[in-house]
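Okay, here's what each chain looks like letter by letter:
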Amino acid sequence: MAKTRELSKDTRNKIVDLHQAGKNESAIVKQLGVKKSPVGAIIRKWKTYKTTDNLPRSGAPRKISPRGVKMITRTVSKNPRTTRGDLVNDLQRAGTKVTKATISNTLRRQGLKSCSARCVPLLKPVHVQARLKFAREHLDDPEEDWEKVIWSDGTKIELFGKNSTRRVWRRKNAELHPKNTIPTVKHGGGNIMLWGCFSARGLGRLICVKERMNGAMYRQILSENLLPSARALKMKRGWVFQHDNDPKHTAWVTKEWLRKKHFKVLEWPSQSPDLNPIENLWRELKVCVAQRQPQNITALEEICMEEWAKIPATVCENLVKAYRKHLTTVIANKGYITKY
């Protein structure tokens, strides 16, 4: 049987008006030229609910019972790496047969979505405790103290590879059209190593490290770029230098060099890239560079310098302003890696 067309809201209201005027169903059908069954249904709905609007419909019953929903939600909460196939088998053993799509839809209604697991540094208990100690000790530091910090770090940017991942709009079977592809070569086609720094006042210097960095080269980079950056940023007396616990940074020779230069260094917990706000600048830089699609190492280096210079000083300022809030998040996350 073909599905009847739903009456318009105007027609439904006319049916109610005629009914209130004393007309019976047959007279209404004859006057409006509609079938009798929907007329009766609309009048009954109006008598019961005082409306002719469509009411919420229950739809098909859920395939997974409330108890089953609790079971699979509890399972993935305890072990987020549980697969949909595992959950299908668990429910099947409990007497409920469902598809993987049903599992996905059910968990999505519970606020759980399947996502790619992020790669983060391995944290041992000693690292977690050191991160918590750092966050708690500095949680109440005034914003002015963080404005005195010059944040630094190094990063690698590949010419081709995952840094160049982009989404495209294409038609079916057009995935290999040159416009819809990103060229790649073995081993990423080469890469460059960058070292940079910044403070709440803006960007410091960004340099390309041409050779494999060792302790001597790192000290040379600091000698040629750290103090000029501090001067360009007009850092006040007593500014603090931040770098991580890379062996080149923590070597006795480097520590002694920093001491003789009278540089005050921020004590830093190991395995804590998320505590360094410069990681946000690196992420922004890599996105901008990938969008310009450099085709060789020389162009990659030039584009990196250009895009670094375009980052507004307000971005730097806002990153530092948000630092206390980030420390609060680290504490709330019990010392584990968090998103800045």
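Nothing here was measured: the structure is a model prediction, and the numbers come from that model.

Definitions and cut-offs
- Residues numbered from 1 in each chain as written.
- Predicted model: local features only at pLDDT ≥ 70, side-chain atom pairs only at ≥ 80, totals over all residues.
- Heavy atoms only, no water.
- Helix = DSSP H or I, 4+ residues; strand = E, 2+ residues; numbered from the N terminus.
- Rg over C-alpha atoms; globule rule 2.2 N^0.38 Å.
- Contact = heavy atoms within 4.5 Å.
- Areas by Shrake-Rupley, 256 points an atom, 1.4 Å probe, with all protein chains shown as cover.
- UniProt positions renumbered as here; feature names shortened; annotations may be inferred.
- Pairing = 2+ DSSP bridges.
- Axes fitted to C-alpha atoms, helices over the stretch in contact; angles between N-to-C directions.
- Phe/Tyr/Trp six-rings, centres within 6.5 Å; stacked < 30°, edge-to-face > 60°.
- Buried < 20%, exposed > 50% of the residue type's maximum accessible area, 1.4 Å probe, protein only.
- Lys NZ or Arg CZ within 6 Å of the ring centre and 35° of its normal.
- Patch = residues over 30% accessible without salt bridge, like charges linked within 9 Å, V, L, I, M, F, W, Y side chains within 5 Å.
- Salt bridge = Lys/Arg side-chain N within 4 Å of Asp/Glu carboxyl O.
- Lys, Arg positive; Asp, Glu negative; His and termini not counted.
- Charge placed at Lys NZ, Arg CZ, Asp CG, Glu CD.
- Arc of directions from axis to C-beta.
- Expected span 1.5 Å × (residues − 1).

### Topic: the overall build of the protein chain
Phase 1: What the protein chain contains, in helices and strands, is 15 helices and five strands.
Phase 2: Relative to a compact globule of 340 residues, whose C-alpha radius of gyration would be 20 Å, the protein chain shows 32 Å and is clearly more extended.
Phase 3: When the backbone C-alpha atoms are referred to their principal axes, the protein chain occupies close to 100 × 50 × 45 Å.
Phase 4: Contacts in the protein chain between residues far apart in sequence, at least 24 positions, make up 68% of those at least 6 positions apart.
Phase 5: Carbon together with sulfur atoms contributes 51% to the accessible area of the protein chain, which is approximately 22900 Å² in total.

### Points about the UniProt feature "domain: Transposase Tc1-like" (unreviewed entry) in the protein chain
Phase 1: On the UniProt side, "domain: Transposase Tc1-like" (unreviewed entry) is annotated at positions that read residues 71-140 here.
Phase 2: The span residues 71-140 carries 60% helix and 0% strand; its end-to-end C-alpha distance comes to 42 Å.

### Some details on the sheet that holds strand β4 (residues 240-242)
Phase 1: The strand order β3-β2-β1-β4-β5 describes an open sheet built from five strands, whose pairing is mixed. Among the strands making up the open sheet, the edge pair consists of β3 (202-209) and β5 (264-265).
Phase 2: Here strand β1 (residues 149-158) pairs with strand β2 (residues 191-199) via eight bridges, running antiparallel. Its bridge partner lying in β2, S152 is registered against C197.
Phase 3: In this fold helix α9 (residues 215-232) packs onto β1, β2, β3 and β4, with an angle of close to 155° to the strand it touches most, β3.
Phase 4: With respect to the sheet, helix α12 (residues 278-292) is in contact with β1, β2 and β3, its orientation differing from that of β1 by roughly 35°.

### Brief notes about the environment of G202
Phase 1: Along the chain, G202 turns up in strand β3.
Phase 2: Separated by 101 residues in sequence, G202 and I303 have C-alpha atoms that sit 19 Å apart.

### Observations regarding the packing of aromatic side chains
Any aromatic ring pair is given by two values, namely how distant the centres are and how the planes are angled relative to each other.
Phase 1: Inspection of the entire model under this criterion finds eight aromatic pairs.
Phase 2: Ring geometry for F134 versus W268: centroids 5.3 Å apart, planes at 70°, classification edge-to-face. Residue F134 is found in helix α7 (residues 125-138), and its partner W268 is found in the loop between β5 and α12; the two are separated by 134 residues along the sequence.
Phase 3: The interplanar angle of 50° and the centroid separation of 5.0 Å between the aromatic rings of W151 and Y323 together place this pair among those described as tilted. Taken together, the residues span a long stretch of sequence, with W151 in strand β1 and Y323 in helix α15 (residues 323-332) at a distance of 172 residues. By the burial criterion, W151 is buried, and Y323 matches it.
Phase 4: Counting every residue linked through ring pairs, the aromatic cluster contains F134, W146, W151, W268 and Y323.
Phase 5: Residue placement shows K50 over the ring face of W46; its charged tip is 4.4 Å from the ring centre.

### Examining the environment of M71
Phase 1: By secondary structure assignment, the location of M71 is in helix α4 (residues 66-78).
Phase 2: Relative accessible area serves as the criterion here: at 24%, M71 is assigned to the partly exposed category.
Phase 3: The sequence separation of M71 and G95 amounts to 24 residues, and the corresponding C-alpha distance is 13 Å.
Phase 4: Not counting residues within four places of it along the chain, the set of residues in contact with M71 comprises D90 and L91.

### Remarks on a negative patch on the surface
Phase 1: Together, E143, E144, D145 and E147 make up a negatively charged patch on the protein surface.
Phase 2: Along the chain, E144 turns up in helix α8 (residues 143-147).

### A closer look at α15
Since one α-helical turn is 3.6 residues long, residues separated by three or four positions face the same way.
Phase 1: Those residues of α15 that fall on the buried side of the exposure criterion are Y323, H326, L327 and V330. The buried residues of α15 occupy one face: seen down the axis, they fall within an arc of 100°. Exposed residues pointing more than 90 degrees away from the buried face of α15 are listed as K325 and A332.
Phase 2: On its buried face, α15 sits against α7, α8, β1 and α14 (313-321).
Phase 3: Count one or two residues on from α15 and you reach K334, which has phi positive near 60°.

### Quick look at helix α3 (residues 36-49)
Phase 1: Between the first and last C-alpha of α3 there are 20 Å, a value that for 14 residues agrees with the 20 Å anticipated at 1.5 Å per step.
Phase 2: Every buried residue of α3 is listed here: V39, G40, I42, I43 and W46. Within α3, the buried residues cover an arc of 165° as seen down the axis, which keeps them to one side. More than 90 degrees from the buried face of α3, the exposed residues found are S37, R44, T48 and Y49.

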